[in-house]
Amino acid sequence: MSLFKQISIVMSLFLFVVILTVMTLNFHSAKQYAQQELYANAQNSAATLSLSLSNARGDINTMSTMINAVFDSGYYKEISLLDNDGKKIFKRTKEETSLDIPVWFSKLYSFETPIASSNVSSGWNPIGQIQITSLEDNAHVKLYENFLELIQTFFIIALLTFTLLFFLLKLILSSLQRLKEQAEAVSDNQCLINENIPSTTEFKEVTLAMNKMVLKVKEIFEKEAAAVKNYHKALYTDTLTSLGNRNFFEQKINEFIASHEADANGVILTLYFDGISDANRVIGHENVDLLIQKLATIVKNKLQNEKSALISRIDGTKFSMIFPGLQKEDIENYADELLTQAMIALEHDCVSECECSIKLVQTTYNTQDNAAGIINKIEKSLLDTQKNTIHYSSDEGAENNTLQKDIIKRRIKEHSIALALQDVYDNENNVLHAEAYVRLFDENRQMHEAGDFIPLVHKMGLDTELDQNVINYAIKEPKIHQNNIAINISSRFIQDKESVQWLKGRLASISQDCKLSFEISNHSLLSCVNEGTEFSNMLRNAGHCFGIDRFNIEEESNLNYLQMIKPEYIKIDSQYLYSMLQGEQAQNNPVLQSLIERLDIKIIANNIENKSIKEFLEKMGIKYFQGSLLSKPKLV
């Protein structure tokens, strides 16, 4: 039972007893007053009548007439004339009549009707005694009316009292409710500061203590988050330009290729600063460093509107820009303008004696590549590139893009899709769920993986339609919806309110035994954190899960968004997780793991292809794994 109910019951009983006691005393006072009034009236009448009877000089008939006259003109129950021996000489009695009051009321109390008496004499000779008993009917009626007024007053007072008590307790205990919400927020890994400090001393002290504790928890989280970001920066950031380094480039490329999504295909544009040795000799190392920083700034400013582009300095002379999901024609304008601005900067900062130049190389990547092979491809292309020019690699199949777009659009509308499932295992080899990868059949029934068509789907704005087809397929296919399935969705889907409402309706129509998970890449999620939070809450309320795929530390992001969204799990590339946990000088650094698990979020190491990495992660306490080493995607 809540404290509010306990206090309400105790206070209500106390007030009820007090009011009932007051009412009872008031009623008894009214009854005693009525008895005293009846006696006083009867005594006055007896005294007056005895004087009148004295004038009759003992004549019974005269006295009888006088008694009848008084009896008929007043409210008397009985008037008796007694002789000196106490024997009744004459008596008038009123017949009993029914009272206009409930029987139960008359049984609630006892009412003694007082008898008044006065001596009757003729001169100095006593004749007898007159006795008068007042009629009590009116007293009962008055007491009943008084009782009704007391009851009415009681209910009015009780209503007002309990109403005031209710609001008073609500006001007093509202601080407890806020403390409860604050405690629940802390247990839910949210740092909620109570700004409304109660005036009640005890509640004030507890509130201030809770705020102090929450601030400490928040401080610990922020310190851990800062430590994670600093360690990520040390591993994956170039110190001179603050861009990504070679490790960052390799990690992102391998992650994209293994994603089986839109990012699995893309374009890489590499800017090469040729002649750096000559520049160091002529203008000095410090000025060369300033020039490299200037080139880095040009690259960043040029690509600031391309949110999906990732920039890294893979060595002292090369800047690589990854454009996931794009094709050659999508970056031609970037390449031309970037070459022009880089050449201007080089010409402005280098003396004429320097034999320096800029080279740009455009290469593509797909699911058949790897980071080492792509870097070799870039190096070979640079050898074939003239100074201050752009070298474009061949892009097989580009001439058929228009036809491919038409086919993709038509096949999506015809629901010509299939799903391949890849299981996610725990450390005891139990299946947590199976991630669904979409496949598309062309008109010749040839199957294409996501990386082959998702970039075009995104470019044509068909993401939401494809997501709906995948969800419907997963729900309707018996072999699929009997398992726990994880479905990748686009940021456009969760930003589209109609699509979210459609999904909410579809989830309400499926069996409660069917549990679905919905994933979105971390990079896409950061562009719609508020919508992602609402989407996650909707899924949680519907009994399903929300997860973050391809998680990594973004330099410009704050990890507090994990507290807002509260995902069920996070999938992290195994190589990236290995690097973040391994630490420097062979000292393990579990800060990232501790930070995520402190938020009650499962960590799934995906892209597991190396047994030694899996063993290390298991040793570090990672419990969930996904990758081709364990299971490859299987078409349903």
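What you see is a predicted model; the values in this text were computed from it and never measured.

Draft legend 1. Layout of the overall build of the protein. Counting secondary structure elements, the protein contains 22 helices and 19 strands. Taking 26 Å as the expected radius of gyration for a compact globule of 636 residues, we find that the protein reaches 48 Å, considerably beyond that expectation. Counted over contacts in the protein with a minimum sequence separation of 6, partners at least 24 positions apart contribute 70%. As presented, the protein carries roughly 33,400 Å² of accessible surface, and 50% of it is formed by carbon and sulfur atoms. Of the charged side chains in the protein, 62 are positive and 81 negative; the average position of the first set lies 4 Å away from that of the second.

Draft legend 2. Quick peek at the environment of L303. Locating L303 in the fold gives a position in the loop between α8 (285-302) and β6 (310-315). On the basis of relative accessible area, L303 is assigned to the buried category, the value being 6%. Remark: the alpha-carbon pair of L303 and M321, spanning 18 residues in sequence, is separated by 8.9 Å.

Draft legend 3. How the structure looks around the nonpolar core. F518, F535, F551 and L617 are the most contacted members of the largest nonpolar core, which has 89 residues in total. Ignoring any residue separated from it by four or fewer positions in sequence, one finds F518 in contact with I471, I487, I489, L503, L507, F535, L539, C545, F546 and G547. By size, the runner-up hydrophobic cluster in this structure holds 35 residues, among which are A309, A335, A345 and I390.

Draft legend 4. How the structure looks around the pattern of salt bridges. The full count for this structure, using the stated rule, is 17 salt bridges. Between D238 and R313 there is a salt bridge, and its shortest N-O distance comes to 3.2 Å. You can see D238 sitting in the loop between α5 (201-236) and α6 (246-258) and its partner R313 sitting in strand β6, a full 75 residues away along the chain. You can call R313 buried: its relative accessible area is 11%. One salt bridge in this structure joins K571 and E435, with 2.7 Å as the shortest N-O distance.

Draft legend 5. Spotlight on the pairing of strand β9 (residues 389-392). Of the pairings in the sheet, the one linking strand β8 (residues 357-365) to β9 comprises four bridges and is parallel in character. Across the sheet, residue L360 finds its bridge partner in β9, namely I390. Taking the sense of rotation as the criterion, the β-α-β connection linking β8, helix α10 (residues 371-383) and β9 turns out left-handed.

Draft legend 6. View of the confidence of the model for the protein. Taken residue by residue, the protein gives an average pLDDT of 83. The fraction at 70 or more is 94%. When the elements of the protein are averaged for pLDDT, helix α14 (residues 478-481) gives the smallest value, 64, and strand β18 (residues 624-625) the largest, 96.

Draft legend 7. Fine view of the state of the cysteines. Inspection of every chain in the model, using the stated rule, returns zero disulfides. C528 takes part in no disulfide bond, and the closest cysteine sulfur, belonging to C545, lies 19 Å away. C528 gets classed as buried once you look at its relative accessible area, which sits at 1%.

Draft legend 8. Structural view of the sheet that holds strand β1 (residues 76-83). Spatial ordering of the open sheet is given by β2-β1-β4-β3, a layout of four strands whose pairing is antiparallel. Whereas interior strands pair on both sides, the edge strands pair on one side only; in this sheet they are β2 (88-93) and β3 (115-122). Ignoring strand direction, the axes of neighbouring strands in this sheet form an average angle of 15°. Sheet contacts for helix α2 (residues 60-73): β1, β2 and β4 (125-134); angle to β1, the most-contacted strand, approximately 165°.

Draft legend 9. Molecular detail of the sheet that holds β8. Here five strands make up an open sheet; going across it, the order is β6-β7-β5-β8-β9 and the pairing mixed. Edge positions in the sheet fall to β6 and β9, since each has one partner strand and no second. Ignoring strand direction, the axes of neighbouring strands in this sheet form an average angle of 20°. Pairing geometry for strand β5 (residues 266-274) and strand β7 (residues 318-324), over seven bridges, is antiparallel. Within the sheet, the bridge partner assigned to L269 lies in β7 and is M321. Lying over the sheet, helix α9 (residues 332-349) contacts β5, β7, β8 and β9, oriented at roughly 155° with respect to β8.

Draft legend 10. Representation of the packing of helix α13 (residues 463-476) against helix α16 (residues 497-509) in the model. Across the interface, α13 lies against α16 with an axial gap of 11 Å and an inter-helix angle of 5°. By the angle class used here, α13 and α16 are roughly parallel. From α13, T464, Q468, I471, N472, I475 and K476 reach across to α16, where they touch S499, W502, L503 and R506. Partitioning the contact of α13 with α16 into residue classes produces four nonpolar, four polar and two charged.

Draft legend 11. Layout of α8. Helix length check: α8 (18 residues) gives 26 Å between terminal C-alpha atoms against 26 Å at 1.5 Å per residue, within 8%. Residues of α8 that are buried in the fold lie against β5, α7 (276-283), β6, β7 and α9.

Draft legend 12. Highlighting the environment of M343. Among the structural elements, M343 can be located in helix α9. In this structure M343 comes out as partly exposed when scored by relative accessible area, which is 30%. Considered as a pair, M343 and A47 are 296 residues apart in the sequence and their alpha carbons are 134 Å apart.

Draft legend 13. Expanded view of the packing of aromatic side chains. The full count for this structure, using the stated rule, is ten aromatic pairs. For the pair F154 and F155, a centre-to-centre distance of 5.5 Å together with 75° between the ring planes defines the contact as edge-to-face. Exposure remark for F154: the relative accessible area of 10% places this residue in the buried category. Looking at F155, the relative accessible area reads 54%, which means it is exposed. Measuring from ring centre to ring centre gives 6.4 Å for F493 and F535, while their planes differ by 85°; the resulting arrangement is edge-to-face. Taken together, the positions of F493 in helix α15 (residues 491-495) and F535 in helix α18 (residues 529-541) put the pair 42 residues apart, joining distant regions of the chain. One exposure class covers both F493 and F535, and it is buried. A network of ring pairs unites the aromatic residues F493, F518, F535 and F546 as a single cluster. Against the face of F625 rests K614, its NZ or CZ located 4.7 Å from the ring centre.

Procedures and definitions
- Residues numbered from 1 in each chain as written.
- Predicted model: local features only at pLDDT ≥ 70, side-chain atom pairs only at ≥ 80, totals over all residues.
- Heavy atoms only, no water.
- Helix = DSSP H or I, 4+ residues; strand = E, 2+ residues; numbered from the N terminus.
- Rg over C-alpha atoms; globule rule 2.2 N^0.38 Å.
- Contact = heavy atoms within 4.5 Å.
- Areas by Shrake-Rupley, 256 points an atom, 1.4 Å probe, with all protein chains shown as cover.
- Lys, Arg positive; Asp, Glu negative; His and termini not counted.
- Charge placed at Lys NZ, Arg CZ, Asp CG, Glu CD.
- Buried < 20%, exposed > 50% of the residue type's maximum accessible area, 1.4 Å probe, protein only.
- Core = buried A, V, L, I, M, F, W, Y, C linked by side-chain atoms within 4.5 Å.
- Salt bridge = Lys/Arg side-chain N within 4 Å of Asp/Glu carboxyl O.
- Pairing = 2+ DSSP bridges.
- Right-handed = clockwise from strand over helix to strand, strands pointing away.
- pLDDT = per-residue confidence, 0-100.
- Disulfide = S-S within 2.5 Å.
- Axes fitted to C-alpha atoms, helices over the stretch in contact; angles between N-to-C directions.
- Parallel < 35°, antiparallel > 145°, perpendicular 65-115°, else oblique.
- Nonpolar A, V, L, I, M, F, W, Y, C, P; charged D, E, K, R; others polar.
- Expected span 1.5 Å × (residues − 1).
- Phe/Tyr/Trp six-rings, centres within 6.5 Å; stacked < 30°, edge-to-face > 60°.
- Lys NZ or Arg CZ within 6 Å of the ring centre and 35° of its normal.

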